[in-house]
Amino acid sequence: MKYKAVIFDLDGTLVNSIKDIADAMNIVLKKREYPTYNYETYKTFVGSGVKSLVIKALPDAKPKTEEVEECLIDMMQVYSEVCTNKTKPYEGILELLEALKTKNIKVSVLSNKEDTLTKKISAFLLPDYLSPVLGLKVEVDKKPNPKVALEICEEIQVKPEETIFVGDTDVDILVAKNANMLPVGVSWGFRDKKGLIEAGATHILEHPLDLLKIIELD
């Protein structure tokens, strides 16, 4: 088979985490008596890491650095306590991961979520399928920077052109293109299909198991 590995985004791709993310950020906002947001609005805030989320959620269009850092600390603390309360794998994800395992396709995760939280959620909901599981450690390395995606390929000894990158945002599509991987979007995530296609997705999955068709075709 042409493709020997799949790197998945986490939030909006493998798991629906928006309720826990939103609940945690709203707790932080309520503490400061700031306006809160519904789940649909939070879908437009996520994708570029927790710090970016905090900045978008604060009422000031250009919040002060000190306030951002304070809210970021609060958000990380609250979210780490609630991050597995409502988060669940999307329907069909476990079946897909099992199918990839039987085909000896290597499966990894690369998320813009902070690294320890990425590992915690993956271990809790998707054990035994994913290696390596990497989140954001250094801000400059976050997607669409291809650095960590390429490091994953080195670790699992697969060429970038033999790798599929699957995600739900334009950031995921762009990191795939920047790393010379096949960019595949999903229809069930936090962004619409139009944005994924415009970003350069070559395929849009309507159901997780559709990924098998791409692998088998090639």
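The sections below set out a description of the structure shown in this document.

About the thresholds
- Residues numbered from 1 in each chain as written.
- Predicted model: local features only at pLDDT ≥ 70, side-chain atom pairs only at ≥ 80, totals over all residues.
- Heavy atoms only, no water.
- Helix = DSSP H or I, 4+ residues; strand = E, 2+ residues; numbered from the N terminus.
- Rg over C-alpha atoms; globule rule 2.2 N^0.38 Å.
- Buried < 20%, exposed > 50% of the residue type's maximum accessible area, 1.4 Å probe, protein only.
- Contact = heavy atoms within 4.5 Å.
- Areas by Shrake-Rupley, 256 points an atom, 1.4 Å probe, with all protein chains shown as cover.
- Lys, Arg positive; Asp, Glu negative; His and termini not counted.
- Charge placed at Lys NZ, Arg CZ, Asp CG, Glu CD.
- Pairing = 2+ DSSP bridges.
- Axes fitted to C-alpha atoms, helices over the stretch in contact; angles between N-to-C directions.

Our next topic: the overall build of the protein chain. Counting secondary structure elements, the protein chain contains 10 helices and eight strands. Here the protein chain has a C-alpha radius of gyration of 17 Å; the compact-globule value for 218 residues is 17 Å, and the two agree. Seen through its C-alpha atoms, the protein chain measures out along the principal axes to roughly 55 × 30 × 30 Å. Residues classed as buried in the protein chain amount to 53% of the 218 residues present. Taking the intrachain contacts of the protein chain between residues at least 6 apart in sequence as the baseline, contacts between residues at least 24 apart amount to 65%. As displayed, the protein chain offers around 10,300 Å² of accessible surface, 53% of which is attributable to carbon and sulfur atoms. Of the side chains in the protein chain, 29 bear a positive and 35 a negative charge, and the two mean positions are spaced by 1 Å.

So, on to the sheet that holds strand β5 (residues 133-136). The six strands lie next to each other as β5-β4-β1-β6-β7-β8, forming an open sheet whose pairing is parallel. The open sheet terminates on both sides in strands that have one partner only, identified here as β5 and β8 (203-205). Averaged over all adjacent pairs, the angle separating strand axes in this sheet is 25 degrees, with direction ignored. Pairing of strand β6 (residues 163-167) with strand β7 (residues 182-186) involves four bridges; the strand directions are parallel. Each bridged residue has a counterpart across the sheet, and for G167 the counterpart in β7 is G185.

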